[in-house]
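Inside the fold
So you can see what is in the structure, the chains are spelled out below.
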Amino acid sequence: MSKPLEYNNEVLRKGLHVLSLGYPVGFLLIDRVWGMSIMISLSCVAVGLDIARQRHRGTHTVFDRFFGRMMRPEERAFTGGKIMLNGAVWLTMSFTVLVLLFPEPEAILAYISFVTGDALAALVGRKFGRHPWLGDGRTVEGSLSFFVSASLVAFTFSSWIYPFPVVALSVSALVGTILEAVPLPINDNIVAPAGMALSLVLLSGLFYGQTVLIHAKSYLDSNSTAGQTRAVSSA
């Protein structure tokens, strides 16, 4: 387990992570293909800069001056060894993976629920956590905060993004809670939202009597029709 940040720096770190909610907002405002191209490009740039930060002394100095206090010790170090990507880079890649692998409603709802739940789990767990579980600094209080906040976000935005069944939303939040808390070999910023999105795909298909492929095709067809309508309108 890495040494925890000072609480004020943890607040700043999670605040920066919450700013990544701009990804789904922007994605909703532009064409899907353009959105995916932009996210792939942003992920490549983010990874490249983070590698440069750990290999090039000048780049490291600049990043450390502005963002060093928000990084975990293993992320912050200048090293010629193993690359340790920081949390903001993982989140950029996470949203990219989601929009590439899942229909847009599942990808966006899973991402905004995860980012909100993850931020509150860390802050509430650090401040009020008294009952550790599953190791790596996780607490029951933090995980409950994740589940409650992720569920509330999902319930609130589902009617606007896509009318998922309540059970699907609740199970998705529970899956995210578990994957965020359990120590895994793959970064939880990737695994947890992907698990949440997959839960939404499978359970919405089950409750609506659709297969995953039918659900995905239905969304893609509607998105294609909307794009054609916009193109005709602008002609």
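What you see is a predicted model; the values in this text were computed from it and never measured. Chains are numbered independently. Their residues run from 1 in the order of the written sequence. Given that the model is predicted, a residue must reach a pLDDT of at least 70 before its local features are reported, and side-chain atom pairs must reach 80 or more before they are shown or counted; all residues, however, enter totals for whole chains, interfaces and linings. The side-chain values count all of the structure's non-hydrogen atoms but skip hydrogen atoms and water molecules.

It is a probe the size of a water molecule, rolled over the atoms, that shows where empty space is left. Buriedness for pockets is judged along seven lines, at least five of which must meet protein on both sides within 12 Å for an open set on the 1 Å grid over protein atoms alone, while cavities are sets there where a 1.4 Å probe fits but cannot get out, and lining residues have an atom within 4 Å of a point. Grid points are joined across faces, edges and corners, and a volume is the space filled by probe spheres set on the points. Taken as a whole, this structure holds one cavity of 30 Å³ or more when the rule is applied. If you add up the space inside the largest cavity, you get close to 40 Å³. Residues that form the lining of the largest cavity fall into these classes: eight nonpolar, two polar and no charged. Under this grouping Gly is polar, as are all residues other than the nonpolar Ala, Val, Leu, Ile, Met, Phe, Trp, Tyr, Cys and Pro and the charged Asp, Glu, Lys and Arg.

What follows concerns a nonpolar patch on the surface. A surface patch of nonpolar side chains, amounting to about 950 Å² of accessible area, comprises Val25, Leu28, Leu29, Ile30, Trp34, Ile38, Leu42, Phe157 and Trp160. Those elements giving two or more residues to the nonpolar patch turn out to be α2 (22-29), α3 (32-55) and α8 (140-161). You can see Leu42 is positioned in helix α3. Throughout this description, buried means an accessible area under 20% of the type-specific maximum (1.4 Å probe, protein chains only), exposed means over 50%, and partly exposed covers the range between. Classification of Leu42 by relative accessible area gives partly exposed; the value is 36%. Patch membership needs two things, relative accessible area over 30% and no salt bridge, and members are linked within 9 Å if like-charged or within 5 Å if nonpolar (Val, Leu, Ile, Met, Phe, Trp, Tyr). Only the protein chains shown count as covering a residue, and every accessible area follows the Shrake-Rupley method with a 1.4 Å probe. Here a salt bridge means any side-chain nitrogen of Lys or Arg lying within 4 Å of a carboxyl oxygen belonging to Asp or Glu. For helices the rule is a DSSP run of H or I covering at least 4 residues; for strands it is a run of E covering at least 2, with both sets numbered from the N terminus onward.

Now for the pattern of salt bridges. Applying the stated rule across the entire model yields nine salt bridges. The salt bridge involving Arg53 is made with Asp50; its shortest N-O contact spans 2.7 Å. Of the two residues, Arg53 and Asp50 both sit in helix α3, three residues apart, roughly one turn of that helix. Residue Asp50 is classed as buried on the basis of its relative accessible area, which comes to 2%. A network of salt bridges, in which partner residues are shared, links Glu10, Arg72 and Arg126.

Low-confidence regions, as indicated by low pLDDT, have predicted coordinates that should not be scrutinised in detail. When pLDDT is averaged along the protein chain, the result is 88; 87% of the residues meet or exceed 70. This stretch, residues 229-234, has a pLDDT under 50; its non-local contacts, to residues over four places away or in other chains, come to one contact. Confidence of the predictor at the level of single residues is captured by pLDDT, which takes values from 0 to 100. Whether two residues are in contact is decided by their heavy atoms: any pair within 4.5 Å suffices.

This part takes up the packing of aromatic side chains. Any two of the Phe, Tyr and Trp rings considered here, Trp counted by its six-membered ring, make a pair once their centres fall within 6.5 Å; the pair's planes then place it as stacked at under 30 degrees, edge-to-face at over 60, or tilted in between. Overall, the coordinates contain seven aromatic pairs when judged by the stated rule. Look at Tyr162 and Phe164: their rings are 4.8 Å apart centre to centre, the planes differ by 50°, and that puts the pair in the tilted class. Using a relative accessible area of 22% as the deciding quantity, one classes Tyr162 as partly exposed. Clustering of aromatic rings is evident, with ring pairs tying together Tyr23, Phe27, Phe95 and Tyr111.

Looking now at the side chain of Asn189. Relative to the assigned elements, Asn189 resides in helix α10 (residues 188-207). If we ignore the near neighbours within four places in the chain, the residues touching Asn189 are Gly87, Trp90, Leu91, Ser94, Phe114 and Asp118.

Quick look at the environment of Met84 now. Topologically, Met84 is positioned in the loop between α5 (73-76) and α6 (87-101). By relative accessible area, Met84 is classed as partly exposed at 28%. Sequence spacing of Met84 and Asp50 is 34 residues, and the spatial spacing of their C-alpha atoms is 8.3 Å. Sequence-distant contacts of Met84, that is, excluding residues within four places in its chain, are made with Asp50, Arg53, Gln54, Glu74 and Glu75.

Below, the discussion takes up the environment of Leu5. You can see Leu5 is positioned in the segment before α1 (7-18). Residue Leu5 is classed as buried on the basis of its relative accessible area, which comes to 9%. Sequence separation of Leu5 and Arg126 is 121 residues, and the distance between their C-alpha atoms is 9.9 Å. Setting aside its immediate chain neighbours within four residues, Leu5 contacts Glu10, Arg13, Arg69, Met70, Met71, Arg72 and Arg126.

Attention shifts here to the side chain of Arg53. Overall, Arg53 belongs to the buried group, its relative accessible area being 1%. Polar contacts here mean pairs of N or O atoms no more than 3.5 Å apart (in protein, one a potential hydrogen donor and the other a potential acceptor; neighbouring residues in sequence count only if both atoms are side-chain atoms). Of the polar contacts made by the side chain of Arg53, one reaches the backbone oxygen of Glu75; its length is 2.7 Å. When neighbours within four sequence positions are excluded, Arg53 is seen to be in contact with Thr59, His60, Phe63, Met71, Glu75, Arg76, Phe78, Met84 and Asn86.

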